[in-house]
Each structure stands twice: as C-alpha cells, then as structure tokens.
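# Coordinate analysis (summary)
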Amino acid sequence: MLRMIHPTLHRYASILLGFALALSAWPAHADTPPGILVVVQAMDDLVSLDPAEGFELSSEQLFGSIYQRLVQADPDDPSVLKPVLAASWVVGSDDRSVTFTLRPNATFANGDPVTADDVIYSLSRAVKLNRSPAFILNELGWNADNVDASLIAVDAQHVRISWPASVSTNFALHILTTTVASIVDKRDVLAHQQNDDQGNRWLRAHSSGSGPFSIRRYVPREALVLDANPRSPGGGPRIKTLIIRNIADAATRRLLLEVGDADIARDLGPDQFTALKGKPGIRIAQFPSATVCYLLFNTTDTSNPALANPALWEAARWLVDYHGLAEGLLQGQFSVHQAFLADGFPGALDDTPYHFDPARARAILAKAGLDHGIDITLDVFNEEPFIDIAQSLQSSFAQAGVRLHLRIEAGAQVYTRLRARTYQAAWLYWIPDYFDAHSTASAFASNPDNGSHTLAWRAGWSMPTLTAETQKAVMISDPAERVRLYQDIQRQVQRESPFVISLQERSQLAMRSNVQGYRQGLDADMVYYDQVTK
Amino acid sequence: MAAHSLFNTSSGIAAPLRAIRNSLLSLTLTLAGLLAITFVMSAFSPIDPALQQVGDHASAATYAQARHALDLDAPLPERFGHYLVRLGHGDLGLSTATGQPVAAELREVFPATFELSTLALLISAITGIGLALLSARWPGGWVDSVIRVISLIGSSVPIFWLGLVSLALFYAHWHWAGGPGRLDDAYEYTIDMPTGLVLIDSWRSGMPGAFDSAIKHMLLPALLLASYVLGSIARLTRTSLLGELHQEYVTLARAKGAGQSWILVHHVLPNCMGPMLTVIALAYTSLLQGAVLTETVFARPGIGRYLTNALFYGDVPAILGATLVLGVAFILINGITDMLVRLLDPRLR
C-alpha cells in the first residue's frame, strides 16, 4: 500500500510545490501604470454613451469628461454658470432668448472646429431623437416641429437660442448645462449615420465631443477606456488615460483598490468603508450629493383605504428612525434631510421638524381610527443600502402597529409598478436632472392633468393650488422671490403630502492616497477627472 | 439483381442521411420549443422593457416611441414571428440594456466562458478520475475518506465565498495569482482579441508578459470552477469503478495474477468510459451556464454573467440570444458525447 501511495503523493506534491514556486517567482503587484487612472465601479446600468440618449447614473457621470456644453456649472460652485464652449452671451430684450459667442479656435477632439452649425445640430438632434433625457429640453417648449426655428446661426461664431416656454433666462441657461445639451461634431456624427439614425447607434459606443477625454474603446458591461484630449477647450487633463472598469461585486472593488490595481473605487457599502478606514495608502473622500431618499404612499389603491388617509402620512413622518438610519445603519453615508430640495441647492430647506416618536404616531393613528393595525406592502430596490433601510422601516413602523411587508425587486420592476400605480408604498430615491429647483419641485409638488411622470401623480396626490404655485415659480426671474416660493412649497410638501422625505446622500469614494485633484459636485454629472494627478 | 444492388447501396447511404435528417429535425424542434418558451416567459415578465430603456423620467411620447421600436405594440404571436424572421437572417436584435447588437455581444462573451469552462473541465476531469482511481483502489480506507472530503469542498462551500477568500489570499496577500479581470490593465485594452480566447490572443499578440498575465488571471477562476464539479466527477466515477470490480472479467484477471491497481487502470477504467463521459458532459454543461458567480467575483466577461444581467434588466433580446447559444451548446455537447460513447463502447455500436 505504501509502495503505491508514496510515489503518487510525491509526484503530486512536487507538482504543487513547483507550481507555487513558479507563481511566487512572478513579480508582486505594482501600482497602476503612471499616467493611467483606473476607476472601478458598478457600470451595469450603462445603456448609451450618446449624450442625447444616455440617462443612467454611470453615463451621466461620464458625459462631463467626454462632452462640453455652451455653459456649465462651475465645479467649485454649481450655482454659478461658467461659459465653456461659449466665450460669452447676451440676454435678449424679450427675456426669451440668448445670443452666444462661441469660444474662438475651439475644436473637437478630432481637430474639427466647433461652429454655430454644430451647436444647432446638437440641440436639434437631441430634441428630434426624443430619447430619455429629451424631456429636459422640452421644458423650454421645444419640440421636433419648432426647435429649428428656435436655433439661429448669426454667423459661424454666433448662435441665437430662443424658447417658446414661459421660463426665465436663468432657468433656460441651467437647462443648457445638462448633458443632453452637449455639443457633438456634426460632420463626424453624420459621417457615421446609419439608416437616418443621426449617428445614434455609433455614438452609443464612440465619442465625438470636445471634453477633456475621448473614447478609445468601450466594451459594454466590461470597461471604458478614455484617452486624454489635449485640444479640449479649457485645457486637456493631467493624466493620459482613464480606464473605468465595471466590477460588479463591491468586495472585489475594495480588494482591487487595496492591492493597488485600482486608483479609485466607487459604490462601496458602509462595511467596505469601515474596513478601509485607516488602511495605509488609502484615503476616503466625501462629497455632497443631491440624492434624496423618501417614502411614498399610493393613495389610489382602493384595496387599502388607509393609504389615502393623511393621518397615516402624518404618523409615518414620526415612524422613520432618521438618526438611527443615517448615523447608525448607514454610518454617515446619508444625513437626515426632510425637504425635497437637497442641501446645496438654492432655496433648500434644512429644518428637520420630525424625529422618531412611535408614541406620537400611535396617538395620531388612534385619533384617526387606524389603531387596529395596518398592513402595507413596501416596494424596495434589490440593492444595498435600500434593503437594510427597508428592514429598519419595517421594525420602526411595527412599533405603531403598521406592518410593512417588503417586496424586494429589480429597479425596472419597481418603476413598472409605480408607473402603473399598482404599488402600495415604495422607498425610493430622487436625483435632480438639472441644477435648478424646478427639476425637483415639478416632480414632488406638481400634478397637472397629464402628469404621469411626476411623483405626485404616482402618489395620486391631488393639489391644484400647489401645482399652480410650482408652475408659477419657474417663470419668476427674481432669484430671491423664487427661493421664497420654493421654501413655501417645500414646507407644504413636508407637512401635507404622502411623501416622507427622510435622508440625503453623502457620496463617498475610496482612493489611493497619491490620487490628487479629483472633484465631484452635487449632481450626477458633476464628476471631474480633468485635474487628477497621481 | 442490378435493381437489388442499387437498392442496397441507396439504403446504405440513406440510413446515415436519415439519421442526420432526424437529428437536425430534432435539433430544430428542440430549439424552436426552447425559443418559444423563453419568448413567452419573457413576455409575461413584470419588467416593462420600454420603460427599462427610456428610464423613469421620459415623456409619454418617448415611452410610446420606445414601445413601437421594440415591437411591443404588436400581438405576441406576431412578435414571435418577427423574431424568428430576424433570427433567420442572423439578426438577434439589439440589447435593450446596452443598445448593442446581441450577436456581437455574444461573440465577445461566449469565447470567454468557453475557454474558462473547458480549462476547468480538463482540470476537474483529470484530477477527478485520478482521485476516483485512488478511492476505488482502497475503498472505505482513510485515502477514500480524505478524497471524499477534498472532492466535496468545491461542491459544498459556496463558490462566491471561496472565490473571495482565494482572491484575498492568493491575489491580495501572497500576490501569487492575478486579480479580477482577464489581463493586467497594461494589456487588457491594448491587445487585439480576434478569437476572444485570452490565452491564444495574448500568446499571438507578441507583447512580452501578456501571456503570463493571462495565465495568472486564469488560474484562480479555473481552479475554483474545477473544484465545483470535481466532487461529482470523482464520486460518480468511483461508484462506476467499484460496480465494475464485481464483474467476472475482474475475477478472471485476478486469477491470472494481475494486481488491483493494474486491473483498475487497464481493465476497469476503459469499461467505465461510457458513464464517465456522461458525467463529464453533464459537468461541462453545468460549467457553461453555472460560471456566473465566478465571472462576477473575478470580473471576467462570460455568458453566465451576461444572461444573469439580461434577466435582471429584463433585456428580452439578450435573454433569447444567450438562451439560444446555451441551448445549441447543450445539444452539441450531448450529441458529441453520445457519439463518443457509441465509439468507445462496442456493446452500443
């Protein structure tokens, strides 16, 4: 027996040992190559890199590096508008038009000059393609029929932009800062057109912009490789290559950063940040984010009349353990915030009148005759931290006899139910589409006749007076007056609506200590890699 | 007489032709059934593909435009008909989640899974048969017990956990293996991948270090996947070997003075080829579709992860395309296995 086993084991052991030695002879991992910045994140949501179409978090975070607009929010103070592809602008006497002078000698990454014709083509193309983010440009009253008449080339360097909607110039300029208003190279895009698609299919995976980076290679769901564009108006970036890798698992992202195979890791959970804190060579950076989390009740659900009872909404405001969630469970990744405008937006309301008080909630429910116990199905995204948050809500609401039954589903399923109003309650988050209060106010505080895309419609909340107030606010030019109006609207939503606005995100990401110059703003598209060095 | 010989000749050709025709018919029917079932199930999915494509904030007009573009406003049988016509032209449609042609995406991901699974299968088949021989040599002894434990680790410990732990140890701590991805960043996006098989493409690239990098990155996922099916290959082969040991020809060989090890390797093992091949084929099919967790943890492209993502996002064209590819792969593997078993086992000829 021993005769037989010995040689076998010996052979196996030698092979294994040889293998191990061969492996250990390979050099240990070095840092990422110089001049290359490697970012690891979850990028499975990315649908399109065409700025007229892409509207997911991942694509929004990238557009700022690839494309430019006439005007953009100042990275250091997003309430200030900065000319980028425009050199300056003059507001028309009618307060419904602006004439832009383009930045002289501005070129796209391929060397083509940026002309008035490119500006007109880009804006008109986005409206006519009519993809997901086109509704933002529709706020200016533009549609496929009237947009061409609203965009006039005075000469190659000057373009006059007007809008039929009754909105202020400042609001219109903010609309033009959004990624859907990015300027593409008309000649290049048309050269790649297939079946009159305005180059849409090609632009989903290629770039034709003037931003600090251009796409070298895009492998869907795997990686995006961007090259520096030294010609970018405003200056090229300081690194040569930016690689964004899609790493679906958060623990693997953390590992890559720790080993030094990644420079920046996004989308890590509280546990990953806790594990990374104090690790040599790693820095955790925190940035403000305009993402606001809220609970929503569907008042149109006739099978559960309690949902339409304002007493339930009021009780729910005292049943969220705001501080337990923000500081305990989510370990500082969120802060308590109870109004729809995120901190950092002009007019944001920062008072927090509600706290966790189950006794008070029980009293409110008892007074309304709802103290016999209520069963509610709560829809939640099947992602962290939403599942943890929902479990906390389940436990805190149970203290007042409100039994939440969690239905944890993929995002697309949750949104399908919301749109069809076949849900009872949902825990959701909101990210503004542009840096103006109207983006958020029109969702929470407006329910016009055909408002199927507003959150108030989805809650079945009818409030004609508030809707009129919201529509009036967007027309006002005086900033102070607008702030006053939006604060009033926020208070009404805070007090009377079927929304329980609870938390605001603090965006955190982990990076190697040698990475300097990364900037990030409140909105999803305010991600800036151009000043990064390492 | 002439007529008779002609009849004989034609019947000699007709039999294999009939077999091929029947196989093709059965293949077509199986695939059509698979597609129909997947199509209907996808149609009743609670996810609205148009909404998934245009996003939550899109206007009603944009939403309607997307529904039309996705053919969602047509009745279900008509949609299935349209799909089959496009399929006949080699068009698998555009993925609703990435906007890219599904056929092109599958050409990228399938070779990656094929390469990883084949490598894992080779490792597990060779090791599994070796372990089974050792177990059958001393059944019930301590060698058998140790092998039982070893072979069950891969199939009983969650592969996701095993993957993370092995990454933490062999990649992060000891730096013995490559990390997530198929190559180091220096090569990953610079070498051309005409075959989609990273070992071959990195070898052909001529870039110094590219092939080493590919091997280093392949090592952990291949071993992990191999351990996942090692248990079933080793255990089922052991059972077949032990079953054969009671046959009369074994007693005869023993009577002639042959040693137990000789008998196992030279007499019993060849007679167990049929069941062994079947087990290996089953393992291969499960590797092709079951690599999803390995692909996720090691951030490698692959059809398992592709299909899971497609299901998660309700991406119907991608679900149908990936199901079709996996279906064809299953049928081919089973067909080839049947043929091999017939060739190797004279009793079945």
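Just so we're clear, the structure is a prediction, and the values are computed from it rather than from any experiment.

## Comments concerning the overall build of chain A
- Looking only at helices and strands, one finds 19 helices and 19 strands in chain A.
- The C-alpha radius of gyration computed for chain A amounts to 26 Å, which stays within 12% of the reference 24 Å derived for 534 residues, consistent with globular compactness.
- Across chain A, the fraction of contacts at a sequence separation of at least 24, relative to all contacts at a separation of at least 6, is 69%.
- Surface summary for chain A: the accessible area is close to 19900 Å², and the carbon and sulfur share equals 52%.
- Here chain A holds 46 positive side-chain charges and 58 negative ones, and the gap between their average locations is 5 Å.

## Some thoughts on the overall build of chain B
- Counting its secondary structure elements, chain B contains 16 helices and zero strands.
- For chain B, the spread of C-alpha atoms along the principal axes amounts to about 85 × 80 × 45 Å.
- Among the 349 residues that make up chain B, the fraction classed as buried is 48%.
- When contacts within chain B are restricted to residue pairs at least 6 apart in sequence, those whose partners lie at least 24 apart make up 67%.

## Focus on the nonpolar core
- Judged by nonpolar contacts, the single largest core of 130 residues is most densely connected at Phe 100, Trp 142, Ile 161, Phe 297 and Leu 312 of chain A.
- For Leu 312 of chain A, the contacting residues outside a window of four places in its chain are Phe 297, Ala 306, Leu 307, Leu 365, Leu 370, Ile 374, Ile 376 and Val 402 of chain A.
- One finds Leu 31, Ala 132, Leu 167 and Val 268 of chain B within the second-largest nonpolar core, a separate group that totals 94 residues.

## A look at the interface of chain B and chain A
- Counting residues at the interface gives 64 residues for chain B and 58 residues for chain A.
- Counting each side, the surface lost to burial between chain B and chain A is near 5600 Å², with a carbon and sulfur contribution of 59%.
- Scanning the region where chain B abuts chain A turns up zero salt bridges.
- Ranked by residue count, the leading element in the side of chain B that touches chain A is helix H7 (residues 159-173) of chain B, at six residues.

## Observations concerning the pairing of strand E15 (residues 402-409) of chain A
Residue and element names in this part refer to chain A.
- For strand E14 (residues 374-381) and E15, the ladder comprises eight bridges, and the chain directions are parallel. Among the inter-strand pairings, Leu 378 is bridged to a residue of E15, identified as Leu 406.
- Running through helix H14 (residues 386-398), the crossover from E14 to the neighbouring parallel element E15 is right-handed.

## So, the sheet that holds strand E6 (residues 151-155) of chain A
Residues and elements named next belong to chain A.
- The sheet built from four strands is open, its strands ordered E4-E5-E7-E6 with antiparallel pairing. In this open sheet, the two strands that pair with only one neighbour each are strand E4 (86-91) and E6. Each strand axis lies, on average, 25° off the axis of its neighbour in the sheet, ignoring direction.
- Judged from the four bridges that link them, E6 and strand E7 (residues 158-162) form a sheet pairing that is antiparallel. Within the sheet, the bridge partner assigned to Leu 151 lies in E7 and is Ile 161.

## Re the pattern of salt bridges
Residue and element names in this part refer to chain A.
- Taken as a whole and assessed by the stated rule, the structure comprises 23 salt bridges over all chains.
- The salt bridge involving Glu 496 is made with Arg 495; its shortest N-O contact spans 3.5 Å.
- A relative accessible area of 40% means that Glu 496 is categorised as partly exposed.
- For Arg 495, a relative accessible area of 45% gives the class partly exposed.
- Here the salt bridges do not stand alone but share partners, grouping Asp 379, Arg 407, Glu 409 and Arg 417 into one network.

## Overview of the UniProt feature "transmembrane region" (unreviewed entry) in chain B
- The residues that UniProt annotates with the feature "transmembrane region" (unreviewed entry) are residues 24-44, 116-134, 146-174, 218-237 and 318-341 of chain B.
- Spanning residues 116-134 of chain B, this segment combines 100% helix with 0% strand, and its end C-alpha atoms are found 27 Å apart.

## Thoughts on the packing of aromatic side chains
- A complete count under the given rule lists 25 aromatic pairs over all chains for this structure.
- The ring centre of Tyr 63 of chain B lies 4.5 Å from the NZ or CZ of Arg 419 of chain A, which sits over that ring.
- When the ring centre of Trp 457 of chain A is taken as reference, the NZ or CZ atom of Arg 421 of chain A above it lies at 3.8 Å.

## A look at the pairing of strand E10 (residues 241-246) of chain A
Residue and element names in this part refer to chain A.
- Of all the six residues making up E10, six are buried; the element is thus mostly covered by neighbouring parts of the structure.
- Here E10 shows two buried faces, one formed by Thr 241, Ile 243 and Arg 245 and the other by Leu 242, Ile 244 and Asn 246.
- As paired elements, strand E1 (residues 36-41) and E10 share six bridges and run parallel to each other. Paired with Leu 37 across the two strands is Leu 242, which belongs to E10.
- Summarising the sheet, strand E9 (residues 223-228) and E10 pair through five bridges and their orientation is antiparallel. Its bridge partner lying in E10, Leu 224 is registered against Ile 244.

## Concerning the packing of helix H5 (residues 102-137) of chain B against helix H15 (residues 303-313) of chain B
Residue and element names in this part refer to chain B.
- Packing of H5 against H15 leaves a shortest axis separation of 8 Å and a crossing angle of 135°. If you check the angle between H5 and H15, you find them oblique. Of the residues in H15, those in contact with Val 102, Glu 105, Leu 106, Val 109, Phe 110 and Thr 113 of H5 are Ile 303, Gly 304 and Tyr 306.
- The class makeup of the residues in the contact of H5 with H15 is six nonpolar, two polar and one charged.

## A few points about unusual backbone geometry
All names here are of chain A.
- At Asn 105, a residue that is not glycine, the phi angle is positive and equals roughly 60°.
- Residue placement: Asn 105 occurs in the loop between strand E5 (97-102) and helix H3 (116-129).
- Note on Asn 105: relative accessible area 75%, which makes it exposed.
- At Asp 196, a position not held by glycine, the phi torsion is positive, near 55°.
- By secondary structure assignment, the location of Asp 196 is in the loop between helix H7 (186-191) and helix H8 (200-203).
- Since its relative accessible area comes to 69%, Asp 196 is described here as exposed.

## Some words on helix H16 (residues 437-444) of chain A
Residues and elements named next belong to chain A.
- Of all eight residues making up H16, eight are buried, and the element is well covered by its neighbours.
- When we look at burial in H16, the residues that qualify are Ala 437, His 438, Ser 439, Thr 440, Ala 441, Ser 442, Ala 443 and Phe 444.
- The distance from a side-chain oxygen at the start of H16 to the backbone nitrogen of His 438 is 2.9 Å, and the residue carrying that oxygen is Asp 436.

## Notes on the environment of Thr 252 of chain A
- One can find Thr 252 of chain A in helix H9 (residues 250-259).
- For the pair Thr 252 of chain A and Tyr 529 of chain A, spaced 277 residues apart in the sequence, the C-alpha separation amounts to 23 Å.
- Apart from residues lying up to four places away in sequence, Thr 252 of chain A is in contact with Ile 247 of chain A together with Leu 164, Leu 167, Pro 180 and Val 297 of chain B.
- Polar side-chain contacts of Thr 252 of chain A include one of 2.7 Å to the side chain of Asp 249 of chain A.

## Quick word on the packing of H9 of chain A against H7 of chain B
- Contact geometry for H9 of chain A and H7 of chain B: axes closest at 11 Å, N-to-C directions at 5°. Considering the angle they form, H9 of chain A stands roughly parallel to H7 of chain B. Side by side, H9 of chain A and H7 of chain B meet where Ala 251, Thr 252, Leu 255, Leu 256 and Val 259 of chain A of the first sit next to Leu 164, Leu 167, Ala 168, Tyr 171 and Ala 172 of chain B of the second.
- Taken together, the residues of the contact of H9 of chain A with H7 of chain B sort by class into nine nonpolar, one polar and no charged.

## Re the side chain of Ser 396 of chain A
Residues and elements named next belong to chain A.
- The residue Ser 396 is located in helix H14 in this model.
- You can call Ser 396 buried: its relative accessible area is 3%.
- In this view, Ser 396 contacts Leu 319, Val 320, Asp 321 and Phe 356; residues no more than four positions away in its chain are not counted.

Rules behind the numbers
Residues numbered from 1 in each chain as written. Chains lettered and ligands numbered in written order. Predicted model: local features only at pLDDT ≥ 70, side-chain atom pairs only at ≥ 80, totals over all residues. Heavy atoms only, no water. Helix = DSSP H or I, 4+ residues; strand = E, 2+ residues; numbered from the N terminus. Rg over C-alpha atoms; globule rule 2.2 N^0.38 Å. Contact = heavy atoms within 4.5 Å. Areas by Shrake-Rupley, 256 points an atom, 1.4 Å probe, with all protein chains shown as cover. Lys, Arg positive; Asp, Glu negative; His and termini not counted. Charge placed at Lys NZ, Arg CZ, Asp CG, Glu CD. Buried < 20%, exposed > 50% of the residue type's maximum accessible area, 1.4 Å probe, protein only. Core = buried A, V, L, I, M, F, W, Y, C linked by side-chain atoms within 4.5 Å. Buried area = accessible area lost by both parts, 1.4 Å probe. Salt bridge = Lys/Arg side-chain N within 4 Å of Asp/Glu carboxyl O. Pairing = 2+ DSSP bridges. Right-handed = clockwise from strand over helix to strand, strands pointing away. Axes fitted to C-alpha atoms, helices over the stretch in contact; angles between N-to-C directions. UniProt positions renumbered as here; feature names shortened; annotations may be inferred. Phe/Tyr/Trp six-rings, centres within 6.5 Å; stacked < 30°, edge-to-face > 60°. Lys NZ or Arg CZ within 6 Å of the ring centre and 35° of its normal. Parallel < 35°, antiparallel > 145°, perpendicular 65-115°, else oblique. Nonpolar A, V, L, I, M, F, W, Y, C, P; charged D, E, K, R; others polar. Polar contact = N/O pair within 3.5 Å; in protein donor to acceptor, adjacent residues only side chain to side chain.

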